[in-house]
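Spelled out from the first residue to the last, the chains are:
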Amino acid sequence: MSHNPGFLKVVEEARGRVRECTVADVKARLDRAERFHFVDVREDDEYTQEHAAGAIHLGKGVIERDIETVLPNKQEPIVLYCGGGYRSVLAADSIRLMGYTNVISMDGGIKAWRAAGYPIEKGRRP
């Protein structure tokens, strides 16, 4: 997908304020059974089609509205991901401004996760 220059500029500015990690970093944390919230910020239909195993869904369009209800502890670790690592950076920056102190964006998103052969689930989680 080709992104517009204005969007890329906003993402690059947010990247300067947000921590990022690789899909291998996240997989290693999952393998160690580390406690953190793994959040897919893509659209509802994208999440339903496929998502990283164990991820919950809080779409970028509603994350600011709903995160304090779903994840009220602002100090708990959160890893966000999207399709390729752009929307998750923006979402991480946004919730950082809301007081969330331990937020990371997974670079490469679901595309990198899938390419690495990591577990994928389909459908909505109960």
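In what follows, the structure referred to is the one given above.
In what follows, the accompanying structure is described. (Residues numbered from 1 in each chain as written. Predicted model: local features only at pLDDT ≥ 70, side-chain atom pairs only at ≥ 80, totals over all residues. Heavy atoms only, no water.)

1. Quick look at the overall build of the protein chain
The helix and strand tally for the protein chain stands at six helices and seven strands. Listing the helices and strands of the protein chain from first to last along the sequence gives α-β-α-β-α-β-β-α-β-α-β-α-β. Expected size for 126 residues packed as a compact globule is a radius of gyration near 14 Å; at 14 Å, the protein chain falls within 12% of this value. The dimensions of the protein chain, computed from C-alpha atoms along their principal axes, are 35 × 35 × 25 Å. The buried share of the protein chain, reckoned over its 126 residues, is 41%. Partitioning the intrachain contacts of the protein chain with sequence separation of at least 6 by distance along the chain shows that 72% fall at a separation of at least 24. Roughly 6,700 Å² of accessible area belongs to the protein chain as shown, and the carbon and sulfur atoms make up 52% of that amount. (Helix = DSSP H or I, 4+ residues; strand = E, 2+ residues; numbered from the N terminus. Rg over C-alpha atoms; globule rule 2.2 N^0.38 Å. Buried < 20%, exposed > 50% of the residue type's maximum accessible area, 1.4 Å probe, protein only. Contact = heavy atoms within 4.5 Å. Areas by Shrake-Rupley, 256 points an atom, 1.4 Å probe, with all protein chains shown as cover.)

2. Topic: the sheet that holds strand 6 (residues 103-106)
If you trace the five strands from one edge of the open sheet to the other, you get 1-6-5-2-4, paired in parallel fashion. Either end of the sheet is taken by a strand with one partner, and the two such strands are strand 1 (19-21) and strand 4 (56-57). Relative to strand 4, strand 2 (residues 37-40) is paired through two bridges, and the arrangement is parallel. Within strand 4, the residue paired with Val39 across the bridge is Ile56. (Pairing = 2+ DSSP bridges.)

3. Some words on the environment of Glu20
As for its position among the elements, Glu20 is in strand 1. Through-space distance from the C-alpha of Glu20 to that of Gly108 is 9.9 Å; in sequence the pair is 88 residues apart. Beyond its immediate chain neighbours, meaning those up to four positions away, Glu20 contacts Arg15, Gly85, Val89, Ile104, Ser105 and Asp107. Among the polar contacts listed, one links the side chain of Glu20 to the side chain of Arg15, at a separation of 3.0 Å. (Polar contact = N/O pair within 3.5 Å; in protein donor to acceptor, adjacent residues only side chain to side chain.)

4. Some remarks on the packing of aromatic side chains
Following the criterion strictly, the structure yields five aromatic pairs and no others. Centroid distance Phe7 to Tyr86: 6.0 Å. Interplanar angle 40 degrees. Geometry classified as tilted. On the criterion of sequence distance, the pair formed by Phe7 in helix 1 (residues 5-15) and Tyr86 in the loop between strand 5 (78-81) and helix 5 (87-97) is long-range, its members being 79 residues apart. Residue class for Tyr86 comes out partly exposed when judged on its relative accessible area of 27%. Aromatic pair Trp113 and Tyr118: ring centres 4.9 Å apart, planes at 70 degrees, arrangement edge-to-face. (Phe/Tyr/Trp six-rings, centres within 6.5 Å; stacked < 30°, edge-to-face > 60°.)

5. Observations concerning the environment of Thr48
Relative to the assigned elements, Thr48 resides in helix 3 (residues 44-49). If sequence neighbours within four positions are ignored, Thr48 has contacts with Lys122, Gly123 and Arg124.

6. A few points about the environment of Asn73
Looking at the secondary structure, you find Asn73 in the loop between helix 4 (63-70) and strand 5. On the accessibility criterion, Asn73 (32% relative accessible area) is partly exposed. Residues Asn73 and Leu97 lie 24 residues apart in sequence; the distance between their C-alpha atoms is 15 Å. Within the structure, the side chain of Asn73 is placed 2.9 Å from the backbone nitrogen of Gln75, a separation counted as a polar contact.

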